[in-house]
Amino acid sequence: MKIIKRFLELLYPKDISCIFCDNDVFDNDKHLTCSDCCKSLPFITGKICNRCGTVLTSMANYCDRCQTTSHKFIKARAVFCYKNQVVKVIRNLKFHNAKYVAKPLARYMADLYKKEFDCDIIVPVPMFAENYKKRGYNQAELLAKYLGEFVNVQVNTTDLIKVVKTKSQVNLDYKQRQENLKDAFKVTNKNAFKNKKVLIVDDLFTTGATIDNCAEALLKVGATKIYAITVAHTMLNS
């Protein structure tokens, strides 16, 4: 069976199929996205929250959450709304070893970076060591490495670490997530981020609690400003 599977992978390599629907990609698109998905993907457009980047349906400049929350980051942006094909591709990256999708997703992030950011260093949201060992990779780290390559910005994958094994954040609100993540992140090299504008990379922005807790650890060691970029954002709609 392994030989057959390997033969099929050689015959139908992943890098010529759309990462969102698996249909063939005929135009050598670097984002590995077919023409149909290009038209239907839920890109974040229109009016968004100035702080977290969620789509707004009101005339306000900030969403309800950001109006009442003192975030540690200056600005967060995401490429897509977390729905439709995007949910599947992120889950595949995160839970089904689909590491090949990280590079084309990072190209989308690079397009967004060039419009929104100018940072000194990129850092992925780290995983707890035991969880990393179990999964075998950190999807945020893969995205960060490719993003750094595409925008020519240094990537640091070693000096921000997660030192607490936190429980699942599914179904937790912002305050519960903040409590769950309290003191979960630590900087091991205090000079790595000093006087630098830092961009935090993750796959998904939900409430901002993870970004805030990473940002707090970075600010404590002298980072000047913290920004964040993700593949997708769960929409708050305000």
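Just above sits the structure.
Residues numbered from 1 in each chain as written. Predicted model: local features only at pLDDT ≥ 70, side-chain atom pairs only at ≥ 80, totals over all residues. Heavy atoms only, no water.

Take the pattern of salt bridges next. Pairs can form between side chains of opposite charge once their charged atoms are near each other. Using the criterion set out here, one finds five salt bridges in the structure. The partner of D203 in a salt bridge is K94, with the nearest N and O atoms 3.4 Å apart. Here the residue D203 occupies a position in strand β6 (residues 197–205), and K94 occupies one in helix α4 (residues 85–95), the gap between them amounting to 109 residues. Judged by relative accessible area, which is 2%, D203 ranks as buried. The partner of E130 in a salt bridge is K165, and the shortest N-O contact between them spans 2.6 Å. Separated by 35 residues along the polypeptide, E130 in helix α6 (residues 129–135) and K165 in the loop between β4 (160–162) and α8 (174–180) bring together distant segments of the chain. Since its relative accessible area comes to 39%, E130 is described here as partly exposed. Three or more residues are tied together by salt bridges with common partners; here these are K75, R77 and E116. (Salt bridge = Lys/Arg side-chain N within 4 Å of Asp/Glu carboxyl O. Helix = DSSP H or I, 4+ residues; strand = E, 2+ residues; numbered from the N terminus. Buried < 20%, exposed > 50% of the residue type's maximum accessible area, 1.4 Å probe, protein only.)

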